[in-house]
Amino acid sequence: MTTDTARPVPVPGAERTAAAPGTAATRLRRLLPGPAPGANGAALYRRWWLPWLWTAPAIGCAVVFGVFPFLNTLLLSFTDAKPLGGAAGFVGLDNYTRMLGDSDFWLATRNSVLYALIVVPLMVLLPLLLAVLVEKNLPGIGFFRSAFYTPVLASSVVVGLSWQWLLADDGLVNTWLQKAHLIRSAIPFLSDSWLILLCAMGLTLWKGLGWYMVFYLAALGNVPKELHEAAAMDGAGPARRFWHITVPGVRQAMMLVGTLTGIGSLRVFTEIYMLGSSTGGPGGADRTLPFYIRDVGLDPLTGNAGYGSAVSVALFVLTLGLTLLAQRLTKEDEA
């Protein structure tokens with residue numbers, strides 16, 4: 001008994017459709033850049049502009065709130081524009097020449113750089129030590145992780161007000177020290193220029209420890225436990241295992257934390273404002289570059305938006321230099 005081989009039933013017009021490469025859809029597909037020649041399925045209908053359509057909102061926000069303000073600041077730095085608008089005249093490099101001879105500018109630059117030099121190393125190391133302490137799964141360890149992270153959730157203004165109350169001449173710290181007979185007179189935490197700067201650094205560290213602790217907790221999860229076990233069997237103590245296993249294992253995270261902290265330290269404003277009042281310490285001695293930009297560029301009566309823009313460009317160059325330095329150190333470590 002023989003069976004007939006199944007043959008496909010011809011569809012009327014199929015030969016005509018297959019042999020008609022000149023249809024409107026085919027001609028349109030050839031005109032518009034699209035998928036690769038061998039594409040099939042949904043890729044046949046995917047246009048070259050479709051990815052740009054999805055990213056258009058993000059690109060638009062970046063241009064409106066990032067690129068345009070930067071270019072506008074750069075242009076304003078060559079003018080004598082006023083904060084409240086009005087006619088702005090072109091002054092060339094006069095703002096930059098004035099900036100290089102301005103002692104207040106160099107004082108603000110010193111404070112910003114000093115802030116970064118002290119805060120960055122501490123912020124790189126202290127959260128790592130904190131992460132090592134809370135990494136182990138011990139009973140109740142979740143409470144301590146939450147407690148260390150709580151300052152991150154608090155507003156900078158609220159935290160600054162709390163520190164004002166703690167560090168005032170009649171605040172909790174001075175009152176406790178006097179009652180304990182450790183000091184005779186109140187320590188001028190909020191009136192001495194150097195103490196204000198150091199207290200602001202302490203506030204930045206206290207508020208950022210929990211945030212960067214999370215970074216290190218994620219990085220510590222990628223360090224092989226077998227290395228610690230092998231080193232412990234060879235007689236290495238906790239300190240040696242930390243420096244020779246933990247630190248190399250989280251080096252990339254340390255570079256990231258250092259870069260982010262450095263940028264944030266150069267842009268610090270709220271801590272100085274809350275602890276040193278609106279003047280930035282006695283006589284403005286604790287003003288950082290963002291604080292100085294506000295004073296010289298945004299004052300509605302005496303401000304010069306052009307000069308403030310020039311100082312902003314200097315702050316950008318300083319931040320960019322720090323970022324490039326961090327990237328170079330990262331590449332050297334990878335090599």
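So, how was this worked out
Residues numbered from 1 in each chain as written. Predicted model: local features only at pLDDT ≥ 70, side-chain atom pairs only at ≥ 80, totals over all residues. Heavy atoms only, no water. Helix = DSSP H or I, 4+ residues; strand = E, 2+ residues; numbered from the N terminus. Buried < 20%, exposed > 50% of the residue type's maximum accessible area, 1.4 Å probe, protein only. Contact = heavy atoms within 4.5 Å. Areas by Shrake-Rupley, 256 points an atom, 1.4 Å probe, with all protein chains shown as cover. Phe/Tyr/Trp six-rings, centres within 6.5 Å; stacked < 30°, edge-to-face > 60°. Lys NZ or Arg CZ within 6 Å of the ring centre and 35° of its normal. Polar contact = N/O pair within 3.5 Å; in protein donor to acceptor, adjacent residues only side chain to side chain. Salt bridge = Lys/Arg side-chain N within 4 Å of Asp/Glu carboxyl O. Expected span 1.5 Å × (residues − 1). Bend = angle between axes of the 7 residues up to and from the residue. pLDDT = per-residue confidence, 0-100.

K.L.:
Lay out the overall build of the chain with the relevant residues and their values.
P.N.:
Counting its regular elements, the chain contains 15 helices and zero strands. The proportion of buried residues among the 335 residues of the chain is 32%. Contacts spanning at least 24 positions in sequence make up 65% of the contacts within the chain whose residues lie at least 6 apart. With an accessible surface of roughly 21100 Å², the chain has 68% of that area assigned to carbon and sulfur atoms.

K.L.:
If you had to explain the packing of aromatic side chains to someone new, which residues and values would you point to?
P.N.:
We describe a pair of aromatic rings using the distance from one ring centre to the other and the angle between the two ring planes. For the structure on display, the rule yields 11 aromatic pairs. An angle of 25° between the planes, with centres 5.7 Å apart, marks the rings of F269 and Y273 as stacked. For F269, a relative accessible area of 26% corresponds to the partly exposed category. Taking the relative accessible area as the measure of exposure, Y273 reaches 32% and is therefore partly exposed. In textbook terms, an aromatic cluster arises when at least three aromatic residues are bridged by ring pairs, as seen for W211, Y212 and F215. Here the basic side chain of R98 rests over the ring of Y307, its NZ or CZ set 3.7 Å away from the ring centre.

K.L.:
Account for the environment of Y115, naming residues and giving values.
P.N.:
Mapped onto the secondary structure, Y115 falls in helix α5 (residues 103–134). For Y115, a relative accessible area of 0% puts it in the buried group. Along the backbone, Y115 and M201 are 86 residues apart, and their C-alpha atoms lie at a distance of 6.8 Å. A distance of 2.6 Å separates a polar atom in the side chain of Y115 from a polar atom in the side chain of T204.

K.L.:
Can you lay out the side chain of T259 for me, pointing to particular residues and giving the numbers?
P.N.:
Position of T259 among the secondary structure elements: in helix α12 (residues 251–266). Here the side chain of T259 touches M255 through a polar contact of 2.9 Å, landing on its backbone oxygen. Excluding residues that lie within four positions of it along the chain, T259 makes contacts with T323 and A326.

K.L.:
Give a detailed account of the pattern of salt bridges, specifying residues and quantitative values.
P.N.:
Applying the stated criterion across every chain yields a total of four salt bridges. For E135, the salt bridge identified is with K225, shortest N-O distance 2.9 Å. Of this pair, E135 sits in the loop between α5 and α6 (141–153) while K225 is found in helix α10 (residues 225–233), placing the two residues 90 residues apart along the sequence. Look at K225 and you get partly exposed, because its relative accessible area is 45%. Among the salt bridges present, the one from R294 reaches D295, with a minimum N-O distance of 2.7 Å. Residue R294 is classed as partly exposed on the basis of its relative accessible area of 25%. Salt bridges sharing partners connect three or more residues here, namely D104, R287, R294 and D295.

K.L.:
Describe helix α9 (residues 193–220), naming the residues involved and giving the relevant values.
P.N.:
Taking 1.5 Å per residue, 28 residues should reach 40 Å; α9 reaches 39 Å between its end C-alpha atoms and fits that length. The largest bend in α9 comes to about 40°, at L209. The backbone nitrogen of W194 lies 3.2 Å from a side-chain oxygen of the residue at the head of α9, namely D192.

K.L.:
Describe the confidence of the model for the chain, listing the residues and the values that go with them.
P.N.:
Looking at the chain, the pLDDT average stands at 83 and 85% of residues meet or exceed 70. Mean pLDDT per element in the chain: helix α1 (residues 14–18) is the minimum at 44, and helix α4 (residues 94–100) is the maximum at 93. Per-residue pLDDT stays below 50 along residues 1–6; that stretch engages in zero contacts with residues further than four places along the chain or on separate chains.

K.L.:
Break down the side chain of R287 for me, with residues and values.
P.N.:
Looking at the element boundaries, R287 is found in the loop between α13 (270–276) and α14 (289–297). Relative accessible area serves as the criterion here: at 13%, R287 is assigned to the buried category. For R287, the residues in contact, after removing those within four places along its chain, are D104, L107, A108, N111, T279, G280, Y292 and D295.

K.L.:
Would you mind going over the environment of L260 in detail, with residue names and values included?
P.N.:
By the secondary structure assignment, L260 is in helix α12. The class of L260 is partly exposed, set by a relative accessible area of 35%. Taking the C-alpha atoms as reference points, L260 and V120, 140 residues apart in sequence, are found 9.0 Å from one another. Those residues in contact with L260 that sit more than four places away from it in its chain are Y212 and F215.

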